[in-house]
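# Tertiary structure, described
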Amino acid sequence: MGKTIITTDDLRDFKMELLDEIKQLLTNQSGQPSKKWLKSPEVRKLLGISPGTLQNLRINGTLPYTKVGGVLYYNYQEIMQVLEANKTHNKF
């Protein structure tokens, strides 16, 4: 096995590539899913609710959804709008 000489330029390039990858990972992990439409398990995990609670939110019209071929999809932006619309401010 031959020896490889690593220069400071090589290390600098490696550092920049690594930082770019870390930034990309952090951007993708910012709390907002990278896709527009979420399935029921993803919504339950996002909101921390049970399947029954999600079903109640659908039935009473609180949470809009789309059904395609038996699969329920929820628009991430609409979920955020529902949360924002139902926000309460307590005055202490």
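Preceding block: the structure.
Here's what I pulled together on the structure shown here. (Residues numbered from 1 in each chain as written. Predicted model: local features only at pLDDT ≥ 70, side-chain atom pairs only at ≥ 80, totals over all residues. Heavy atoms only, no water.)

### Topic: the overall build of the chain
Note the following rule: Helix numbering and strand numbering both begin at the N terminus, where a helix is a DSSP run of H or I of at least 4 residues and a strand a DSSP run of E of at least 2. We compute the radius of gyration over the C-alpha atoms and compare it with the globule rule, which gives 2.2 Å times the number of residues raised to the power 0.38. Only protein chains enter the calculation, and the probe is 1.4 Å; a residue is then buried if its accessible area is under 20% of its type maximum, exposed if over 50%, and partly exposed in between. The criterion used for residue contact is that any of the two residues' heavy atoms lie within 4.5 Å. When charges are counted, Lys and Arg contribute as positive and Asp and Glu as negative, whereas His and the chain ends are disregarded. For this purpose, a charge sits on NZ of Lys, CZ of Arg, CG of Asp or CD of Glu.
When its secondary structure is counted, the chain shows four helices and three strands. N-terminal to C-terminal, the α/β element order of the chain is α-β-α-α-β-β-α. Relative to the 2.2 N^0.38 estimate, which gives 12 Å for 92 residues, the radius of gyration of the chain is 22 Å and therefore markedly larger than a compact globule would have. Projecting the C-alpha coordinates of the chain onto the three principal axes gives extents of approximately 70 × 45 × 20 Å. Each of the 92 residues in the chain was classed as buried or not, and the buried ones make up 13%. For the chain, restricting intrachain contacts to residue pairs at least 6 apart in sequence, the fraction spanning at least 24 positions comes to 51%. If you average the places of the 13 positive and of the 9 negative side-chain charges in the chain, the two averages end up 14 Å apart.

### Some thoughts on the side chain of Ser40
Along the chain, Ser40 falls in helix H2 (residues 40-47). For Ser40, the residues in contact, after removing those within four places along its chain, are Leu54, Arg58, Leu72 and Tyr74.

### Considering the sheet that holds strand S2 (residues 66-68)
Defined as follows: Between any two strands, pairing holds if DSSP finds at least two bridges. Axis geometry follows a simple rule: fit a line to the C-alpha atoms, using only the stretch in contact for helices, then measure angles between N-to-C directions, giving values from 0 to 180 degrees.
Sheet architecture is open: three strands sit in the order S1-S3-S2, paired in antiparallel fashion. Edge positions in the sheet fall to strand S1 (37-39) and S2, since each has one partner strand and no second. With direction set aside, neighbouring strand axes in the sheet form an average angle of 40°. Across three bridges, S1 lies against strand S3 (residues 71-75) in antiparallel orientation. Each bridged residue has a counterpart across the sheet, and for Leu38 the counterpart in S3 is Tyr74. Here H2 sits on the sheet in contact with S1 and S3, set at roughly 90° to S1.

### Things to note about the environment of Asp13
Relative to the helices and strands, Asp13 is located in helix H1 (residues 8-28). Under the relative-accessibility criterion, Asp13 is labelled partly exposed at 47%. Taking the C-alpha atoms as reference points, Asp13 and Lys23, ten residues apart in sequence, are found 15 Å from one another.

### Quick notes on the pattern of salt bridges
Using the following cut-off: The salt bridge definition used is simple: a Lys or Arg side-chain nitrogen within 4 Å of an Asp or Glu carboxyl oxygen.
This structure, assessed with the given rule, holds two salt bridges. As a salt-bridge pair, Asp9 and Arg12 come within 2.7 Å of each other at their nearest N and O atoms. Of this pair, Asp9 and Arg12 are both found in helix H1, three residues apart, which corresponds to roughly one turn of the helix. On the basis of relative accessible area, Arg12 is assigned to the partly exposed category, the value being 46%. The residue Lys87 makes a salt bridge to Glu84 at a minimum N-O spacing of 2.7 Å. Of the residues examined, Lys87 reaches a relative accessible area of 45% and is grouped as partly exposed. Overall, the relative accessible area of 49% leaves Glu84 in the partly exposed class.

Everything listed is a geometric property; what it means functionally is a separate question.
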